[in-house]
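So the chains spell out like this:
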Amino acid sequence: MANSFNAPRMGLGLSEERRATLQRENRLKQELYAQQKKIQFSNLLERSNQDVDAYIESQNNVFIPHRNAGESAGHNVNGAPSGGSAASADNPSQIEPDDLDGADFFSRQFFRTRDKTVSKRRAQFMALDDEELDFNPEAPVQKTLPEYLTEQINLDVKFEGLNPEVKDLCYKIIDSLDPAGYFKVTDDQAKILATENLVAYPDEDDDELLAINDFDNLFDLVSTRDLRTRAKKALEDYYAVEVKSKTARRFAREEFDAIIGRKTTKEERDQAYKILAKINTELPQSDPLRSLFSTPPSPEELNLASQALAIVQSLDPPGVGARDLRESLLLRLRPDAKNHDVLRLLIQDYFDDFIKKRIGVLASKTHLSHDVISQIYSAPFPFEPSPEELFAQPSAPTRWIQPEIYVTQNELGKWVVKLDETKEDLELDPYYRKLLISKHVDKKTKEYLKRQLVEAQALVDALKNRNTTLLRVAKAIVDFQQSYFSDPTSHLKPLTQQVIADKLGLDSSTVSRACNDKWLSSPRGYVPLKDMFPKAVDGETTSVGISEKIRELIDHEDKAAPLSDEDITLQLKRRYSIEVSRKTVQEHRDRLQIPNSRARKRLANNS
């Protein structure tokens, strides 16, 4: 009798063999539960709150109710399943075994209200709100560029009396624009132009062909018409009478050498200049306006097309309808840009030198001072955004940021963290718990419900562990970075995920998953949790701290004798004991968009 009381309860009245079998099965179930709970925890920890709900729904577990509000076909407002084929609490034997393994085994959407009732009017109102606020990431976020331009022509009153022929040509130009907003020749015309430009054009006479042959023999090459055009332009700049600057001549000579592919002598340049003077190097431009017509247009039709293009180029955004980069920059030049007139002159007449930032050549050709031209390159970007930048479709849909961690200050002035309290705790559906213990449910259904209950309980426990781990990690990070939240002018201290992992007794991969795609809300704005781990560049100084110190040194420097990058390197070491290379200082200065010392000195003298 005494032995029977000491035996496990589940083994009362059973043989030793049966008792061992039950214990072994129970141990296997516990191991399976622990393993599944670990997997669920890892999957949930690396997901943000926005992805957690989707992950829970993907489990298709009958014990986990749908988290979206709204009345569904699965349950009526009293909590019981609706529909003739579904089971009820009084008669659960109506469950069809064939439906147990499908995703449609009981719908899981129902209202979770305290009194289990909800009015029809409220249900309709909530359903309407869900429909209006539903976000579709596949839907376009804005009109396309052609739609936007067409709308301007159709709605703007200044185009009401527009010539119908000109308006039709405007529509054709809009349809011909490429994704970047440029109005260029068609692909077929471009192929024809590329084919004709291989070596020579068929309309060249015998004298020109002889001159081309002499040019090719002089430099041992097979030149294209484009190459000869660029070579002739470089030599014209080299021998230009108005160009007296040695720097300008050197730039022209180096450009000619780059075109030829080797260093040339003065005799070769003199001879090439005479030869190229006999060759017509003007390239026949393929006018995109002609592509608007199926037959060769008359001068009157080309005039109408020019008017239509001018109208399209006057539309918003600036730069639309440009035929090349030069015309695009002229259209996009801001009217309030500093040195607006000088900028327009440089783009219109000296575009190649302007793009290549040849300050010395531009100063020689325009007779402007080096300081004025230097100011243009050091001033803020003077152009409106291109149509491509404004109308480019994003590669991924815009995502709503929802912080999971909130940093607040308690009564003692310490910064503490808490999780998002708007999320409800996940609870198991009590209806299916009743089915599990009901005497009217068959054995196969109960086995299915048992498996579902184990999985659901593992998911609930994993979700609780996920939130606990996330809170612990966030608390440790905020405790370490207290000064960052207390002082708006301070910076984050260097921190690694391994430091937090050692402090909490976790693996570094667990800390990494906990910080993945999580956002922190604080008085300093929304901050990604992973950004709270800045790397140290030197000692306790981070990259952001070095940038701020470089800016501070430059702000307080002598404007008549600005600090060079080498001087800034020495000052950082002397004042702040920060040892970095001159190259690192230059990279930080470029990132801050601060000119070098020579440019800063010229700007100070000119102001």
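Residues numbered from 1 in each chain as written. Predicted model: local features only at pLDDT ≥ 70, side-chain atom pairs only at ≥ 80, totals over all residues. Heavy atoms only, no water.

### Brief notes about the overall build of the chain
For the chain, the count of helices and strands is 27 helices and six strands. Across the 607 residues of the chain, 37% fall into the buried class. Looking at the chain alone, contacts between residues at least 24 apart form 65% of all its contacts between residues at least 6 apart. Taken as a whole, the chain presents about 36,500 Å² of accessible surface, with 50% of it coming from carbon and sulfur. (Helix = DSSP H or I, 4+ residues; strand = E, 2+ residues; numbered from the N terminus. Buried < 20%, exposed > 50% of the residue type's maximum accessible area, 1.4 Å probe, protein only. Contact = heavy atoms within 4.5 Å. Areas by Shrake-Rupley, 256 points an atom, 1.4 Å probe, with all protein chains shown as cover.)

### So, the nonpolar core
The tendency in soluble globular proteins is for nonpolar side chains to be buried as a group. In this structure, F63, V473, I477, F485, I500, L529 and M532 are the most contacted members of the largest nonpolar core, which totals 49 residues. In this structure, F63 is in contact with E427, L428, D429, Y432, R433, L449, Q452, L453 and A456, ignoring residues within four places of it in sequence. In terms of nonpolar packing, the next biggest core, distinct from the first, is built from 25 residues, I153, L177, F293 and L315 among them. (Core = buried A, V, L, I, M, F, W, Y, C linked by side-chain atoms within 4.5 Å.)

### Re the pattern of salt bridges
Counted by the stated rule, this structure contains 17 salt bridges. Where K233 meets D237, a salt bridge forms, and the shortest distance between an N and an O atom there is 3.0 Å. Here the residue K233 and the residue D237 both occupy positions in helix α9 (residues 225-239), the gap between them amounting to four residues, near one helical turn. According to the relative accessible area criterion, D237 is buried, its value standing at 18%. Close ionic contact of R358 with D353 constitutes a salt bridge, the shortest N to O distance being 2.9 Å. Residue classification places D353 among the buried residues on the basis of a relative accessible area of 5%. Three or more residues are tied together by salt bridges with common partners; here these are K233, D237, E255, D352, D353, K356, R358 and K365. (Salt bridge = Lys/Arg side-chain N within 4 Å of Asp/Glu carboxyl O.)

### A few points about the pairing of strand β1 (residues 405-409)
Of the pairings in the sheet, the one linking β1 to strand β2 (residues 415-419) comprises five bridges and is antiparallel in character. Residue pairing in the sheet places T408 in a bridge with V416 of β2. Summarising the sheet, β1 and strand β3 (residues 519-522) pair through two bridges and their orientation is parallel. Considered in β3, the bridge of Y406 is made with S521. (Pairing = 2+ DSSP bridges.)

### Some words on the confidence of the model for the chain
Taken residue by residue, the chain gives an average pLDDT of 75. The fraction at 70 or more is 76%. Low pLDDT, under 50, characterises residues 1-8; the predicted model gives this stretch three contacts beyond four residues in sequence or across chains. Counted against residues more than four places away or in other chains, residues 191-203, with its pLDDT under 50, gives 19 contacts. (pLDDT = per-residue confidence, 0-100.)

### Quick look at the sheet that holds β2
Reading across from one edge, β2-β1-β3-β4 is the order of the four strands in this open sheet, with mixed pairing throughout. Of all strands in the sheet, those with a lone pairing partner are β2 and β4 (525-528), marking the two edges. Ignoring which end each strand starts from, the neighbouring axes of this sheet average 30 degrees apart. Contacting β1, β2 and β3, helix α20 (residues 443-480) runs over the sheet at an angle of about 160 degrees to β2. (Axes fitted to C-alpha atoms, helices over the stretch in contact; angles between N-to-C directions.)

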